[in-house]
Amino acid sequence: MCGIVAATARREVSEILLEGLRRLEYRGYDSAGMALIDNEHHLQMHKQQGKVAVLEQSQSMQPILGCVGIAHTRWATHGEPSAANAHPHISSQRVALVHNGIIENHVQLRKELKAEGFEFTSATDTEVVVHLLGQQLNAGHSLLHAMQATVKRLEGAYALAAIDIKHPEEVVAAREGSPLVVGVGIGENFLASDQMALRQVTDRFIYLEEGDVVQATPTHLSIFARNGEPVTRAQTMISAAVEVADRGEFEHFMLKEIYEQPSALSATLGAVADGPLIDEQFGAEAAALFDQVETVQIVACGTSFHAGLVARYWLEDIAGIPCDVEVASEFRYRKRKQHANTLLVTVSQSGETADTLAALRNATEPQFLGSLVISNVDNSSLVRESDLVFLTRAGAEIGVASTKAFTTQLVAFLLLTVALGRRHGLDEKIEQQLLDELRELPRWVDQVLQLDRDIQRMSEAFIQKHHALFLGRGVHYPIAMEGALKLKEISYIHAEAYPAGELKHGPLALVDADMPVVAVAPNDDLLEKLKSNLEEVRSRGGELYVFADNVDGFQDEQQVHVLPMPHCPERLKPVLYTVALQLLSYHVALQKGTDVDKPRNLAKSVTVE
Ligand code: M6R
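Quick caveat, the model's predicted, so the values are computed rather than measured.

Caption draft 1: Representation of the overall build of the protein within the structure. The secondary structure content of the protein amounts to 18 helices and 25 strands. On C-alpha atoms alone, the protein measures out to a radius of gyration of 26 Å, which is about the 25 Å that the 2.2 N^0.38 rule sets for 609 residues. Dimensions of the protein, computed from the C-alpha atoms along their principal axes, are close to 80 × 55 × 45 Å. Within the span of the protein, comprising 609 residues, buried residues form 61% of the whole. Partitioning the contacts of the protein with sequence separation of at least 6, the portion at a separation of at least 24 is 72%. Just so you have it, the protein exposes about 23400 Å², and 48% of that area is on carbon and sulfur atoms. Charged side chains in the protein number 54 positive and 81 negative. The centres of these two groups are separated by 3 Å.

Written out as structure tokens, the structure is:
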């Protein structure tokens, strides 16, 4: 999951490349680099370990200029984060290349290229690709031909962009398994891993298909399919309203995104805010497909997987439809026995997560009736390849830790529950009540945001801790999982979630005064059971941090710290408790001084397996 930007223009492009990298940093941020062909047809390059800001410093101290260039922000897969392993990589002192993805046969290729005399200066899988290009160019082939011949040798996933000093106006690029989009300008052309990187320079985009190779100059754009034949791909005009990634008054994107949840939830409700739910919100073919659905299989990763786990409770309990949920990296390789008439639902904020995409691609008919994706990014790969689409309207989520994407996914699932439930005997009154409750959700979330100061005070107890347990029951068990994921992801505190009833089957052994135990304890059917579980913690010297809306049930006392939550309709509680746990993690991380928006070792969009 790295970020690629490339440009070929009649004007100087270094600042365009840097701005593109800043916008792509969510894809990886352990090192960055760029290469340009200058006026004298020499390659100029900067590479740095660290974030794009470090690269910018090198550029301001020693500017490199040119009208044709490539740039890269990296999330290391092969080879540690270092300047040597940063992209671009160079071969034969003439060709430079950036790569996103993984080359699976790099070991054999490296051996072969070494035997031919190519010298390797990095530990990356990418370097074999640039030497293959060098090999072709040295044999007298054009840059386009060199790229077409090179990709035939590669196994794995890649988006590639290359420049060569003997083709000083040209960028060639290729895509297989990793996203790449062409930005079409006037007298200039661009490429990037995500259109967002190019919104500063164009609003016209071409989404490449798997196997495509592109040759771009300022005035020409040619695309070739896998078989080498020229092809025409559709051009899409994106609305002029550029989404500005701006923190505004907030110290971090994560905090801004937590606070944006009331408006993101309203936007996601869309027409339901003041009208009925219509099947077409899921796509033109939704009604016909939904009519046949007997079971649902949800597949996703990380936070999106947690949304799926919550949805299982709703689909089974409210809609009466059997539902399975699995992480995509397991689902895609498992030999499954599929129920008949199953709807595959993938969930992905980015719409580009490699495992989720592979799961969709593997799950074809007759195993599945069809596919629905719940995604936040229009035109993403999952959106383009699914039969039905529900777009969450959370707006750009920049913080690596997913917040508003998750809660809007929950809304999408509640709407899906209604749409499918209607066909399985969901009472009209209950449907109406649920939709009415949903319309009030933004207001309830707003009330949780007002608890920010109290949650911040509670967070102080976690700063010196190294571990934490999160407990929940029923539909709130996945909310405890999401709370634990948020805490570990941004504060680096080891956090695990358990269904509270499981405590005595092992994890109780961990409980002592140094292990804070966070309880998601809404007033529901399982509250009394949960209380008994919490007593087990207390009587073993554990410190409890209880989020509860029935404060009568809990009192602030020795070892028990209660955070009173608004008393909202039961089905909205998973959303409200999530927001409270997001704030808890945020404040712990803030006080620990970690990089909240770009936690170590992670990237926002995981486009490698
Ligand atoms: O874009 P996706 O929703 O497919 O991403 C899946 C996970 O990588 C993502 O949810 C990840 O777990 C978040 N960073 C957690 O906050």
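Caption draft 2: Region of interest: the pattern of salt bridges. For the structure shown, the criterion picks out 37 salt bridges. Salt-bridge contacts for R361 lead to E385; the nearest nitrogen and oxygen are separated by 2.6 Å. Here E385 lies in helix 12 (residues 381-385) and R361 lies in helix 11 (residues 354-362), a separation of 24 residues in the sequence. Overall, R361 belongs to the partly exposed group, its relative accessible area being 33%. In this structure, D436 engages R439 in a salt bridge whose closest nitrogen and oxygen atoms are separated by 2.7 Å. Of this pair, D436 and R439 are both found in helix 14 (residues 428-449), three residues apart, which corresponds to roughly one turn of the helix.

Caption draft 3: Region of interest: the site of the ligand. Around the ligand lies a shell of 15 residues, among which S304, S348, Q349, T353 and E489 are the nearest. Coverage of the ligand by the protein amounts to 91% of the 410 Å² it exposes when considered alone. Among the secondary structure elements, those contributing two or more residues to the shell around the ligand are helix 9 (302-317) and helix 16 (476-491).

Caption draft 4: Layout of a negative patch on the surface. Together, E316, D317, D324, D525 and E570 make up a negatively charged patch on the protein surface. Mapping D324 onto the fold places it in strand 17 (residues 323-327).

Caption draft 5: Structural context of the sheet that holds strand 1 (residues 3-8). Taken together, eight strands build an open sheet; the order of strands is 3-2-4-1-10-9-11-15 and the sheet is antiparallel. Where the open sheet ends on each side, the last strands, each with one partner, are strand 3 (43-49) and strand 15 (235-237). Here the average twist between neighbouring strands, direction ignored, is 15 degrees. By the bridge criterion, six bridges tie strand 1 to strand 4 (residues 68-74) in an arrangement that is antiparallel.

Caption draft 6: Broad picture of the pairing of strand 22 (residues 494-499). Inspection of the sheet shows strand 21 (residues 467-472) paired to strand 22 by six bridges, in the parallel sense. Bridge pairing in strand 22 places F470 opposite A497.

Caption draft 7: Structural context of empty space enclosed by the protein. Evaluation of the coordinates by the stated rule reveals two cavities of 30 Å³ or more. In this structure, the largest cavity occupies an estimated 70 Å³ of space. Around the largest cavity, the lining residues are C2, R74, W75, A76, T77, H78, H87, H99, G101, T124, D125 and T126. Taken together, the residues that form the lining of the largest cavity break down as three nonpolar, seven polar and two charged. Size it by volume and the second largest cavity reaches roughly 40 Å³. Contributing to the lining of the second largest cavity are R473, H476, V520, A521, P522, D524, L526, L527 and L530. Of the residues assigned to the lining of the second largest cavity, the class counts are six nonpolar, one polar and two charged.

Caption draft 8: Representation of the packing of helix 4 (residues 127-138) against helix 5 (residues 143-152). Put simply, helix 4 and helix 5 touch, their axes get as near as 9 Å, and they point 130 degrees apart. Here helix 5 runs oblique to helix 4, going by the angle between their axes. Handedness of the crossing formed by helix 4 with helix 5: right-handed. Residues V129, L132, L133, Q136 and L137 of helix 4 pack against L143, H145, A146, M147, A149 and T150 of helix 5.

Cut-offs applied
Residues numbered from 1 in each chain as written. Predicted model: local features only at pLDDT ≥ 70, side-chain atom pairs only at ≥ 80, totals over all residues. Heavy atoms only, no water. Helix = DSSP H or I, 4+ residues; strand = E, 2+ residues; numbered from the N terminus. Rg over C-alpha atoms; globule rule 2.2 N^0.38 Å. Buried < 20%, exposed > 50% of the residue type's maximum accessible area, 1.4 Å probe, protein only. Contact = heavy atoms within 4.5 Å. Areas by Shrake-Rupley, 256 points an atom, 1.4 Å probe, with all protein chains shown as cover. Lys, Arg positive; Asp, Glu negative; His and termini not counted. Charge placed at Lys NZ, Arg CZ, Asp CG, Glu CD. Salt bridge = Lys/Arg side-chain N within 4 Å of Asp/Glu carboxyl O. Near = heavy atom within 4 Å. Patch = residues over 30% accessible without salt bridge, like charges linked within 9 Å, V, L, I, M, F, W, Y side chains within 5 Å. Pairing = 2+ DSSP bridges. Axes fitted to C-alpha atoms, helices over the stretch in contact; angles between N-to-C directions. 1 Å grid on protein atoms, 1.4 Å probe; cavity = no way out; pocket = protein on both sides within 12 Å on 5 of 7 lines; lining within 4 Å. Points joined across faces, edges and corners; volume = space filled by probe spheres on them. Nonpolar A, V, L, I, M, F, W, Y, C, P; charged D, E, K, R; others polar. Parallel < 35°, antiparallel > 145°, perpendicular 65-115°, else oblique. Left-handed = near helix turned anticlockwise from the far one by under 90°.

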